[in-house]
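An overview of the molecular structure
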Amino acid sequence: MLLVWLSAGALTFGGALVCAELAAVYPQTGGVYIFLKRIFSPALGFLWGWAMFWSIHSGIIAAIAVILARYVGYFVPLGETGIRALAVGAVLLLSGINYLGVKPAARCN
C-alpha cells in the first residue's frame, strides 16, 4: 500500500512539474485550455473547455454543494428536501457572488 501511495505521489509531482514548465512557456491566463490550444490545436482546447463546463466543473460544484448541505444537516434538521434546497441555494448564492465579482472587471476592458 505504501508503494501505491509513493507511486501516486511521484506521478502527481511529475504532473505538477510539467504544468509548471508549460505555465512558464505559455504565461497566458487559461491553464490547460491554453496548453492544449497552443501545443495541439485550437479545436482540442475548445473541446476541453466545453468538457470542463458541461461535466467536470459542474459535477465538482454540485458535489461540494451537496457535501456542504449534508454537513449543515448535522447541525440543523433539514430532511432530504431541505438538503437539496440548501445545495441548490449554495450554488446560486456563490454563482451570484462570482458574477458580481466578475462584472466590474469586465467593464475595465
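Read on for an overview of the structure. Residue positions are given per chain, counted from 1 along the sequence in the order it is written. Two thresholds apply to this predicted model, a pLDDT of at least 70 for residue-level local features and 80 or more for giving and counting side-chain atom pairs, whereas whole-chain, interface and lining totals are computed over all residues. Hydrogen atoms and water are omitted, and side-chain values are computed over all heavy atoms in the structure.

A run of DSSP states H or I qualifies as a helix once it reaches four residues; a run of E qualifies as a strand once it reaches two. Both are numbered from the N-terminal end. On a plain count of helices and strands, the protein chain comes out with 4 helices and 0 strands. When the helices and strands of the protein chain are listed from N to C terminus, the series reads α-α-α-α. With the radius of gyration taken over C-alpha atoms, the globule rule is written as 2.2 Å times the number of residues to the power 0.38. The C-alpha radius of gyration of the protein chain comes to 19 Å, more than 25% above the 13 Å expected for a compact globule of 109 residues. With the principal axes as the frame, the protein chain shows a C-alpha extent of 50 × 50 × 20 Å. Within the span of the protein chain, comprising 109 residues, buried residues form 10% of the whole. The long-range share in the protein chain, meaning contacts at least 24 apart out of those at least 6 apart in sequence, stands at 6%. Note on areas: these come from Shrake-Rupley sampling with a 1.4 Å probe, and a residue is covered only by the protein chains present in the view. Roughly 8,700 Å² of accessible area belongs to the protein chain as shown, and the carbon and sulfur atoms make up 76% of that amount. Burial classes follow relative accessibility: with a 1.4 Å probe on protein chains only, a residue under 20% of its type's maximum area counts as buried, one over 50% as exposed, and anything between as partly exposed. Should any heavy atoms of two residues lie within 4.5 Å, those residues are considered in contact.

On to the packing of aromatic side chains, then. Whether two aromatic rings pair depends on their centres lying within 6.5 Å, for rings of Phe, Tyr and Trp, where Trp uses its six-membered ring; planes under 30 degrees apart make the pair stacked, over 60 edge-to-face, and the rest tilted. Taken as a whole and assessed by the stated rule, the structure comprises 5 aromatic pairs. Ring plane angle 65° and centroid distance 6.1 Å describe the contact between F46 and W50, whose orientation is recorded as edge-to-face. One end of the pair is F46 and the other is W50, both in helix 3 (residues 42-75) and 4 residues apart, which spans about a single turn. Its relative accessible area of 39% is what places W50 among the partly exposed residues. Aromatic pair Y71 and Y74: ring centres 6.2 Å apart, planes at 45°, arrangement tilted. With Y71 and Y74 both in helix 3, this residue pair falls 3 residues apart, about one helical turn.

As a further point, take the pattern of salt bridges. The term salt bridge refers to a pairing of a side-chain nitrogen on Lys or Arg with a carboxyl oxygen on Asp or Glu at a separation within 4 Å. Evaluation of the coordinates by the stated rule reveals 1 salt bridge. Ionic pairing is found between R70 and E80, a salt bridge with its closest N-O pair at 3.2 Å. Placement of R70 in helix 3 and of E80 in helix 4 (residues 79-107) is noted, with a sequence separation of 10 residues between them. With relative accessibility at 41%, the residue R70 sits in the partly exposed group.

The next point concerns the layout of surface pockets. Volume-wise, the largest pocket comes out at about 160 Å³. A cavity here means a set of 1 Å grid points, computed over protein atoms only, where a 1.4 Å probe fits but cannot escape. A pocket is an open set with protein on both sides within 12 Å along at least 5 of 7 lines, and lining residues have an atom within 4 Å of a point. Residue lining of the largest pocket: I61, I64, A65, L68, A90, V91, L94, S95 and N98, and that is the complete set. Among the elements of the structure, helix 3 and helix 4 are those that each provide at least two residues to the lining of the largest pocket. For the lining of the largest pocket, the element with the most residues is helix 4, which contributes 5 residues. Looking at the lining of the largest pocket, its residues break down into 7 nonpolar, 2 polar and no charged. Grid points are joined across faces, edges and corners, and a volume is the space filled by probe spheres set on the points. Note on residue classes: Ala, Val, Leu, Ile, Met, Phe, Trp, Tyr, Cys and Pro are nonpolar, Asp, Glu, Lys and Arg are charged, and everything else, Gly too, is polar.

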